[in-house]
Amino acid sequence: MEVKLVSGFKLDLGPLKEPIGFIRLLEWVFTIFAFATTGGYSGTTSLTVECPESEPQDVIAVFGYPFRLSAYSYTIPSCTQTPAPQMFLQGDFSSSAEFFVCVGVFAFLYCTATLVLYMGFQTVYRETNRGPTMDLLVTASFAFLWLVSSSAWGKGLTDIKWATSPEHLLETCPLCKAKDGPSMGRLNASVIFGFLNLILWAGNCWFIYKETPFHKDPVRPNPSVEAGEGPTSYSQ
């Protein structure tokens, strides 16, 4: 289906049926999932303080993206008349989280731009050698960035789980008992989406490479024509 909108732009959904366009559409979707499951996350971890002469009291520590845990405090109720001490979570894991989200956002913008190029300017894209070549270089770069950012974020998530676990917080509260830990399912999914994007972007390099002049065989001239010889005729 083709629809002419403006001069130079012709909407054609045909490329979405080809591997180069279909995989790019999958990248667009999974890129959104990757940074959306990381950014905006908020979790809680809780303890229970059991004083000898009073009812148990809950201690709740709230944290979230970008996971500068040292900025989040929680108060442990005192079993005596002394003021309740204010404690802070430990660790700063914002670098790996923000790097992962940054790669996801830029990959999303690039997917959007190339999908418009594929469906609206397919002729210009395929008739010029620069378009597929630049697309291949950028796609390969994003594949590498997904590898680095997903690995770093996976390690950062492991450290976040340890820093926010109730068992770890018990070290600062002898009279406390572990209660509920934070739900990390959403963050676990973000790491999975990161490595899925790595597979998609790396695999798409092959299909983009097939559009470049490096993959196409050069036209080999006829040696007889180069030597100035005409076509050979046979007489009976």
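Now for a description of the structure that goes with this document. Predicted model, so just to flag it, every value in this text is computed and none were measured. Chains are numbered independently. Their residues run from 1 in the order of the written sequence. Given that the model is predicted, a residue must reach a pLDDT of at least 70 before its local features are reported, and side-chain atom pairs must reach 80 or more before they are shown or counted; all residues, however, enter totals for whole chains, interfaces and linings. Each side-chain value is derived from all of the structure's non-hydrogen atoms; neither hydrogens nor water enter the calculation.

With that settled, the discussion passes to the pairing of strand β3 (residues 42-49). Of all eight residues making up β3, six are buried, and the element is well covered by its neighbours. The criterion for strand pairing is that DSSP finds at least two bridges linking the strands in question. Helical segments are the DSSP runs of H or I of at least four residues, strand segments are the runs of E of at least two, and each set is numbered from the N terminus. Inspection of the sheet shows β3 paired to strand β4 (residues 57-64) by eight bridges, in the antiparallel sense. Note that in β4 the partner of Ser46 across the bridge is Ile60. We call a residue buried when its accessible area falls under 20% of the maximum for its residue type, exposed when it is over 50%, and partly exposed in between, using a 1.4 Å probe and counting protein chains only.

Further remarks concern the packing of aromatic side chains. The relative placement of two aromatic rings is captured by the distance of their centres and the angle of their planes. In this scheme Phe, Tyr and Trp rings, the latter by its six-membered ring, pair at centre separations within 6.5 Å, and the angle between planes marks the pair as stacked below 30 degrees, edge-to-face above 60, and tilted otherwise. For the structure on display, the rule yields 15 aromatic pairs. Considering the side-chain rings of Phe30 and Phe193, the 5.9 Å spacing of their centres and the 50° angle between planes classify their relative orientation as tilted. Within this pair, whereas Phe30 is found in helix α1 (residues 19-36), its partner Phe193 is found in helix α6 (residues 185-209), the two being separated by 163 residues in sequence. Using a relative accessible area of 22% as the deciding quantity, one classes Phe30 as partly exposed. Of the residues examined, Phe193 reaches a relative accessible area of 18% and is grouped as buried. Among the aromatic side chains, those forming a connected cluster through ring pairs are Tyr41, Phe63, Tyr65, Phe67, Phe100, Trp146 and Trp153.

Further remarks concern the nonpolar core. Soluble globular proteins tend to pack their nonpolar side chains together in the buried interior. Counting 36 residues, the largest nonpolar core has Phe63, Phe67, Trp146, Trp153 and Trp201 as the members making the most contacts within it. Within the residue set of this core, elements represented by two or more residues are β3, β4, α2 (94-120), α4 (130-164) and α6. It is α4 that contributes the most residues to this core, seven residues altogether. Two residues form a contact once any of their heavy atoms are found within 4.5 Å. If we skip the residues at most four places from it in the chain, Phe63 touches Tyr41, Ser42, Gly43, Thr44, Thr45, Leu69, Tyr72, Leu89, Ile160, Thr164, Pro182 and Met184. With five residues, the next largest nonpolar core counts Ile20, Leu136, Cys205 and Ile208 among its residues. Only buried residues count toward a nonpolar core. Its members are Ala, Val, Leu, Ile, Met, Phe, Trp, Tyr and Cys residues joined through side-chain atoms within 4.5 Å.

It is possible for side chains bearing opposite charge to pair when their charged atoms get close. For salt bridges, the criterion is a side-chain nitrogen of Lys or Arg within 4 Å of an Asp or Glu carboxyl oxygen. Taken as a whole and judged by the stated rule, the model has five salt bridges. For Glu27, the salt bridge identified is with Arg24, shortest N-O distance 2.6 Å. Of this pair, Glu27 and Arg24 both sit in helix α1, three residues apart, which is roughly one turn of the helix. Judged by relative accessible area, which is 0%, Glu27 ranks as buried. Its salt-bridge partner being Lys155, residue Asp159 comes within 2.8 Å of it at the nearest N-O pair. Of this pair, Asp159 and Lys155 are both found in helix α4, four residues apart, which corresponds to roughly one turn of the helix. Judged by its relative accessible area of 24%, Asp159 falls in the partly exposed class. Members of the salt-bridge network, linked through shared partners, are Arg24, Glu27 and Asp135.

This part is about the side chain of Thr45. As for its placement among the helices and strands, Thr45 is situated in strand β3. Given the relative accessible area of 1%, Thr45 is considered buried. In the analysis that follows, any N or O atom pair within 3.5 Å is treated as a polar contact, provided that within protein one partner can donate a hydrogen and the other can accept it, and provided that, for residues neighboring in sequence, both atoms belong to side chains. A distance of 2.8 Å separates a polar atom in the side chain of Thr45 from the backbone oxygen of Thr164. Residues within four places of Thr45 in sequence aside, it is in contact with Val59, Ile60, Ala61, Phe63, Thr164, Ser165, Pro166, Leu169, Asp180, Gly181 and Pro182.

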